[in-house]
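Next come the chains, spelled out residue by residue.
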Amino acid sequence: MAMEKFNAAEAEDRLYKAWEAAGCFTAGANAKPGASSYCIMIPPPNVTGVLHMGHAFNNTLQDILVRWHRMRGFDTLWQAGTDHAGIATQMVVERQLAERGEPGRVALGREKFLEKVWQWKEQSGGTIVNQLKRLGASCDWDRTAFTMAGAQGDTRTGHENSPNFHDAVIKVFVEMYNKGLIYRGKRLVNWDPHFETAISDLEVENIEVAGHMWHFKYPLAGGSTYTYVEKDEDGKITLQEERDYISIATTRPETMLGDGAVAVHPSDERYAPIVGMMCEIPVGPKAQRRLIPIITDEYPDKDFGSGAVKITGAHDFNDYQVAKRAGIPMYNLMDTKANLRADGQAYAQEAATAQRIANGEESFDDAKIAAMNMVPDAYRGMDRFEARKKIVDDITREGLAVMTEDTLTDAEGQQTTQLVPLVENKPIMQPFGDRSKVVIEPMLTDQWFVDTDKIVAPALDAVRNDQVKILPESEKKVYFHWLENIEPWCISRQLWWGHQIPVWFDETGAQYCAATEAEAQAMAGPDASLTRDPDVLDTWFSSGLWPIGTLGWSGEAEADAQNDMLQRFFPTSDLITGSDILFFWVARMMMMQLAVVDQVPFNTIYLHGLVRDAKGKKMSKSTGNVVDPLEIIDEFGADALRFTNASMASLGGVLKLDMQRIAGYRNFGTKLWNACSFAQFNEAFEHRSCSLPSPDLALNKWIIGEVGRVRVAVDAALDGYRFNDAASALYGFVWGTLCDRYLELSKPILKGSHSSGDAGRLETQITLAWVLEQSMTLLHPIMPFITEELWGITAKRSHMLVHQDWPEYGLELVDTAASEEISWAISLIDSIRSARAQMNVPAGAKVPLVQVTISPAGEAALAANMAQIQQMARITEVTKVSEMPKGAITITAPQATFGLPLADIIDVAAERMRLEKSMGKLAKELGGLRGRLNNPKFAASAPPEVLAETRANLEAREEEEAKLSIALARLQEIG
């Protein structure tokens, strides 16, 4: 009786609950005595997150490795958990409060607002965990960690399996502060004016937008002039004129108010006469116009724009570096909402102070510069973009815009020229907050920093000496480049949701860093009035401690020595994550663990790229090509998605998600299901044996050897993190070797029409059951649901497949003689089938075969497998002849020649006409494709995905052309 069709939607939920109920994913489950440990730390998704294709791909690879190691008897832990996601979570809760008409964050106050966040976390924070379960992720969910676990308000505090992550984070901060590794300072950061906080580079989206570049004149001080000369490549003068200004181009005129200098390249001869002179910022009240120096620096590109660059150190990352090198003051122009500042003293007073500083008459420090407001009174409090418009209008009105000729045509067609301000319309890359969607402002603010120069060396050495391996190897260069050029790490955020920085200030501004307020008070003295820093730590800081924090590290030597989980699973084994966070998370974990416990956090780092659509395009909502993995699971089942993920996971390869492949891998699961149904119909599982079969028939010896080959191939692939090779080996074995070959070849034996009789039938039943059980086992890490279901319904078992021992057999199972015999028979069958297809022989037609020459081994193989060859190749009989008869086409097998008489079976003339017509049509297609690819314009302008698609089409058509040519040649044989 055939098995019912596999119902993925019903079975997946039922099977997952059964795994969980049986404790199949608990740390150490199925571990053999004395086993080595294997641990993967899940890259913690945001607690606000929902499953996307990146999560699905990443977690599939982790689960494959975890299930594989668990079945091999390793002491296995897949540590689960989520990140508290500071900005994202605060945004979600604030939006929810607004939708409900409840008081907002500020009205509630910090304590009440955080209560609301914890409430939301308990109600909705587990969404992505449940979605990962739908994918089949076999994490130890009882140990689910959270980067804010243990913080005030956490309802899970004290849960035995949920380490107090918060205390670990605070302890590390205090220790690093006391060692001089953390400090507070003023540096340039990405500032989100909507959330009013610093953000990381990873939270910035650089988007190309239509922009403008304005050209302005900065007059030289005191009316000075110089001869401005431009030359061509041959040194000939192309322009020479007297100028009393230096020309500056900018896309952000509002930042001119904070200029500290104008820089030119040291080799730029045009400006050599005025280097060291002062020039005037052309904006603000005329009486208080600031003069700034003209300096040299390697940063300006003399071939771009005018070659002169205004230096606004507080509002541009490149300018910041120039200002630091040259000791130029950096004036912050904006408040936390990116409006021009309205605080401070009157502009006249501030400008006078700034001028004395520029003249070298007055010294300055960071605090002094930070307090100064260099925004003229007329612009104070304005939105930055409104101020931009007003500044441009004011400069233009005063005649300090660089002018250019513009041709105008009137209604009668008469052309006139006039001078207009030089404004270039050009696309620019503008930074936006990935969540706020507002333009990010580089701003100079007081923040907390990790002095990364002091902790980076061990992280570099660990990779250099191969203590930690990075795959693919090409990513090592990226790792080294980032860490060798590392800047101080900004770890503070101006938010309420997060680990509040454990530093208190007294009335004088003195700092007291301690784990608790009581400790800080004791340090400051009983009479000191303390105020805690309101900022929280960047989530990358807390997630940087993920490996030790999730395992319950406390920082107390005795307690940590007795911490069983920490001792068993740290350092962890593999880290699977996206290459886009190599610096933001992976490198920081390396630095943090080495700085805190002097150990690397993992042994191997496997990095992958972004999951793209079938054409290689980045998925985005605006493009409309985003794919929801849950919808894929609903339609095709989790196994099909998982197998697709594995099949495209080549080291360093582009991840193209093709819906047709997903459908194909669902069919692959169905193929395995149908094979088991066939076996059940033929009573194979009734004769299953737990031991390795010892058959007599070459067919059964051959398939057992093929199982040995595929086991070796799968292990080698997974050991080398070549998930695609493992998937390919399993697909080829199950679909091709097992289903298309072995099952078909076994049918005569199972039907009793084979010379081996009942004995042959019994050993084939035993072998078939064993091969299918091995197939389920080997496929389980990639396709856990359908294999577990088959495991349960094909026989009564003592344990679930998830805890089945991974096989250890290998190439010793290969019987060379049996392999050669069956390979010979398969070769003959394939040759006959190919010829029939090329000659358009009706599928139901049975054709005689003539034997011309054959070796003794071939003769033996033919005799032993005659029944299978006749059935699978649709052959009536085999007749021996001395020479090839007329009207037959040649069929070859190893050391054998056969003929297939077709003259009386097909219409040769009609077939030749059909093939020639197809060849003619194909020739036109090939000509078009080759013409496109040989066209230099097409090769230079076509998108990469279009080029790749065209090349693939050409290759497919050329293969088709080769097949048609062979078919025509075969028709020539017939006459």
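Reading the values: rules and limits
Sequence order as written defines residue numbering, which begins from 1 separately in each chain. Only residues with pLDDT of at least 70 get local features here, since the model is predicted, and only at 80 or more are side-chain atom pairs given and counted; chain-wide, interface and lining totals rely on the full set of residues. Excluded from the side-chain calculation are hydrogens and water; included are all heavy atoms of the structure. Note on conventions: DSSP H or I runs of at least 4 residues are helices, E runs of at least 2 residues are strands, and numbering of each starts at the N terminus. With a 1.4 Å probe rolled over the protein chains alone, any residue whose accessible area is under 20% of its type maximum counts as buried; one over 50% counts as exposed, and the rest are partly exposed. Throughout, a contact is declared for two residues whenever any of their heavy atoms are within 4.5 Å. Each accessible area is a Shrake-Rupley result for a 1.4 Å probe, and residues are judged covered by the shown protein chains and nothing else. Charge counting treats Lys and Arg as positive and Asp and Glu as negative, with His and both chain ends excluded. Where a charge lies is defined by one atom per residue type, namely NZ (Lys), CZ (Arg), CG (Asp) and CD (Glu). Here the rule is simple: two strands pair whenever DSSP picks up at least two bridges between them. Angles run from 0 to 180 degrees between N-to-C directions of axes, and those axes are lines fitted to C-alpha atoms, restricted for helices to the stretch in contact. Definition of nonpolar core: a set of buried residues of the types Ala, Val, Leu, Ile, Met, Phe, Trp, Tyr and Cys, connected through side-chain atoms within 4.5 Å. The term salt bridge refers to a side-chain nitrogen of Lys or Arg lying within 4 Å of a carboxyl oxygen of Asp or Glu. What a helix should span is 1.5 Å times the count of its residues minus one. Directions pointing from the helix axis toward each C-beta atom define the arc. Polar contact is the term for a pair of N or O atoms within 3.5 Å; when the atoms are in protein, one must be able to donate a hydrogen and the other to accept it, and sequence-neighboring residues count only if both atoms are side-chain atoms. Here the word oblique covers every angle except those under 35 degrees (roughly parallel), over 145 (roughly antiparallel) and from 65 to 115 (roughly perpendicular). Three classes are used, and their members are as follows: Ala, Val, Leu, Ile, Met, Phe, Trp, Tyr, Cys and Pro are nonpolar, Asp, Glu, Lys and Arg are charged, and the others, Gly among them, are polar. Side-chain rings of Phe, Tyr and Trp, where Trp is taken by its six-membered ring, are said to pair if the distance between their centres is within 6.5 Å; with planes under 30 degrees apart they count as stacked, over 60 as edge-to-face, and otherwise as tilted.

**Focus on the overall build of the protein**
Phase 1 of the analysis: When helices and strands are counted, the protein shows 32 helices and 32 strands.
Phase 2 of the analysis: Its C-alpha atoms put the protein at 115 × 85 × 55 Å along the principal axes.
Phase 3 of the analysis: When burial is assessed residue by residue, the protein has 53% of its 975 residues classed as buried.
Phase 4 of the analysis: Of the contacts made within the protein by residues no fewer than 6 positions apart, 77% connect residues no fewer than 24 positions apart.
Phase 5 of the analysis: Taken as a whole, the protein presents about 42,500 Å² of accessible surface, with 50% of it coming from carbon and sulfur.
Phase 6 of the analysis: Considering the protein, the positive charge centre built from 97 side chains and the negative charge centre built from 132 side chains are found 5 Å apart.

**Side note on the sheet that holds strand β31 (residues 888-893)**
Phase 1 of the analysis: Strand order in this open sheet of 4 strands is β30-β29-β32-β31, and the pairing throughout is mixed. Both edges of this open sheet fall to β30 (875-880) and β31, since each of them pairs with a single strand only. The mean inter-strand angle of the sheet, taken between neighbouring strand axes irrespective of direction, is 30°.
Phase 2 of the analysis: With respect to the sheet, helix α28 (residues 856-864) is in contact with β29 (847-854), β30 and β32 (896-901), its orientation differing from that of β29 by roughly 155°.

**Concerning the environment of Gly509**
Phase 1 of the analysis: Structurally, Gly509 can be placed in the loop between β21 (503-505) and β22 (511-513).
Phase 2 of the analysis: Between the alpha carbons of Gly509 and His84 there is a distance of 30 Å; along the sequence they are 425 residues apart.

**Some words on the pairing of strand β17 (residues 441-450)**
Phase 1 of the analysis: Extensive coverage of β17 is indicated by the burial of 9 of its 10 residues.
Phase 2 of the analysis: Here strand β4 (residues 182-192) runs beside β17; their pairing, made up of 10 bridges, is antiparallel. Within β17, the residue paired with Ile182 across the bridge is Val450.
Phase 3 of the analysis: Pairing analysis gives 2 bridges linking β17 to strand β19 (residues 489-490), with the strands arranged antiparallel. Considered in β19, the bridge of Val450 is made with Trp489.

**Re the nonpolar core**
Phase 1 of the analysis: By size, the foremost hydrophobic cluster in this structure holds 222 residues, and its most contacted members are Phe173 and Phe541.
Phase 2 of the analysis: Sorting elements by how many residues they give to this core places helix α24 (residues 723-751) first, with 13 residues.
Phase 3 of the analysis: Residues in contact with Phe173, not counting those within four places in the same chain, are Ile182, Trp448, Ile491, Ile501, Pro502, Val503, Cys513, Leu537 and Phe541.
Phase 4 of the analysis: By size, the runner-up hydrophobic cluster in this structure holds 47 residues, among which are Leu220, Tyr271, Ala338 and Ala354.

**So, the pattern of salt bridges**
Phase 1 of the analysis: For the structure shown, the criterion picks out 59 salt bridges.
Phase 2 of the analysis: We note a salt bridge from Lys171 to Glu556, for which the minimum N-O separation is 3.4 Å. Separated by 385 residues along the polypeptide, Lys171 in helix α7 (residues 165-178) and Glu556 in the loop between α16 (546-550) and α17 (557-561) bring together distant segments of the chain.
Phase 3 of the analysis: A relative accessible area of 22% means that Lys171 is categorised as partly exposed.

**Quick look at helix α1 (residues 8-21)**
Phase 1 of the analysis: The terminal C-alpha atoms of α1, which comprises 14 residues, lie 19 Å apart, in line with the 20 Å expected from a rise of 1.5 Å per residue.
Phase 2 of the analysis: For α1, every residue scored as buried is listed here: Ala8, Ala11, Glu12, Leu15, Tyr16 and Trp19. Across the axial projection of α1, the buried residues extend over an arc of 125°, all falling on one side. Exposed residues lying more than 90 degrees from the buried face of α1 are Ala9, Lys17 and Ala21.
Phase 3 of the analysis: Buried residues in α1 make contact with α2 (53-71), α6 (127-135), β3 (140-146), α20 (629-636), α21 (638-647) and α26 (784-794).
Phase 4 of the analysis: Positive phi appears at Gly23, one or two residues downstream of α1, with a value of about 70°.

**Here we look at the sheet that holds β17**
Phase 1 of the analysis: Here 4 strands make up an open sheet; going across it, the order is β5-β4-β17-β19 and the pairing antiparallel. Each edge of the open sheet is held by one strand with a lone partner, namely β5 (197-199) and β19.
Phase 2 of the analysis: Relative to β5, β4 runs antiparallel, the two sharing 3 bridges. Of the residues in β5, the one forming a bridge with Asn190 is Ile199.

**Quick look at the side chain of Arg290**
Phase 1 of the analysis: Structurally, Arg290 can be placed in the loop between β11 (278-280) and β12 (291-296).
Phase 2 of the analysis: Of the buried charged residues, Arg290 lacks a salt bridge, with Asp259 as the closest side chain of opposite charge at 6.3 Å.
Phase 3 of the analysis: In terms of polar contacts, Arg290 uses its side chain to reach the backbone carbonyl oxygen of Asp259, at 2.9 Å.

**Overview of the packing of helix α27 (residues 816-838) against α28**
Phase 1 of the analysis: At a closest axis distance of 9 Å, the pairing of α27 and α28 adopts a crossing angle of 75°. Taken together, the axes of α27 and α28 lie roughly perpendicular to each other. The segment α27 lies against α28, with Glu821, Trp824 and Leu828 engaging Gly858, Ala861, Leu862 and Ala864.
Phase 2 of the analysis: Here the residues of the contact of α27 with α28 are counted per class, giving 5 nonpolar, 1 polar and 1 charged.

**Quick look at the packing of aromatic side chains**
The description of an aromatic ring pair rests on the distance of the ring centres and on the angle between the ring planes.
Phase 1 of the analysis: Counted according to the given criterion, the structure contains 31 aromatic pairs.
Phase 2 of the analysis: Ring geometry for Tyr177 versus Trp448: centroids 6.1 Å apart, planes at 55°, classification tilted. Residue Tyr177 is found in helix α7, and its partner Trp448 is found in strand β17; the two are separated by 271 residues along the sequence.
Phase 3 of the analysis: Among the aromatic residues, ring-to-ring pairing joins Phe173, Tyr177, Trp448, Trp489 and Phe541 into one connected group.

**A word on unusual backbone geometry**
Phase 1 of the analysis: Leu471 connects to Pro472 through a cis peptide bond whose omega is -5°.
Phase 2 of the analysis: Residue placement: Pro472 occurs in the loop between β18 (469-471) and α13 (475-484).
Phase 3 of the analysis: Unusually for a residue other than glycine, Glu196 sits at a positive phi of about 55°.
Phase 4 of the analysis: Looking at where Glu196 falls in the secondary structure, it is placed in the loop between β4 and β5.
Phase 5 of the analysis: Even without a glycine there, the phi angle at Ala338 is positive, about 65°.

**Thoughts on the pairing of strand β9 (residues 245-250)**
Phase 1 of the analysis: For β9, a buried count of 5 out of 6 residues is recorded, marking the element as mostly surrounded by other parts of the structure.
Phase 2 of the analysis: One ladder, built from 6 bridges, connects strand β6 (residues 204-219) with β9; its direction is antiparallel. Paired with Tyr218 across the strands is Ile246, a residue of β9.

**Here we look at α7**
Phase 1 of the analysis: Over its 14 residues, α7 extends 20 Å from the first C-alpha to the last, a length consistent with the 20 Å expected when each residue adds 1.5 Å.
Phase 2 of the analysis: Of all 14 residues making up α7, 10 are buried, and the element is well covered by its neighbours.

**Some points on the environment of Leu333**
Phase 1 of the analysis: With respect to the helices, strands and loops of the structure, Leu333 is situated in the loop between α8 (317-326) and α9 (347-358).
Phase 2 of the analysis: Taking C-alpha positions, Leu333 is 6.3 Å from Gly258, a pair spaced 75 residues apart along the chain.
Phase 3 of the analysis: Non-local contacts of Leu333, meaning those with residues more than four positions away in its chain, are made with Glu254, Thr255, Leu257, Gly258, His315, Asn339, Leu340, Arg341, Met374 and Val375.

**Some thoughts on the side chain of Ser200**
Phase 1 of the analysis: Structurally, the position occupied by Ser200 is in the loop between β5 and β6.
Phase 2 of the analysis: In contact with Ser200, other than residues within four places in its own chain, are Asn190, Arg493 and Trp540.

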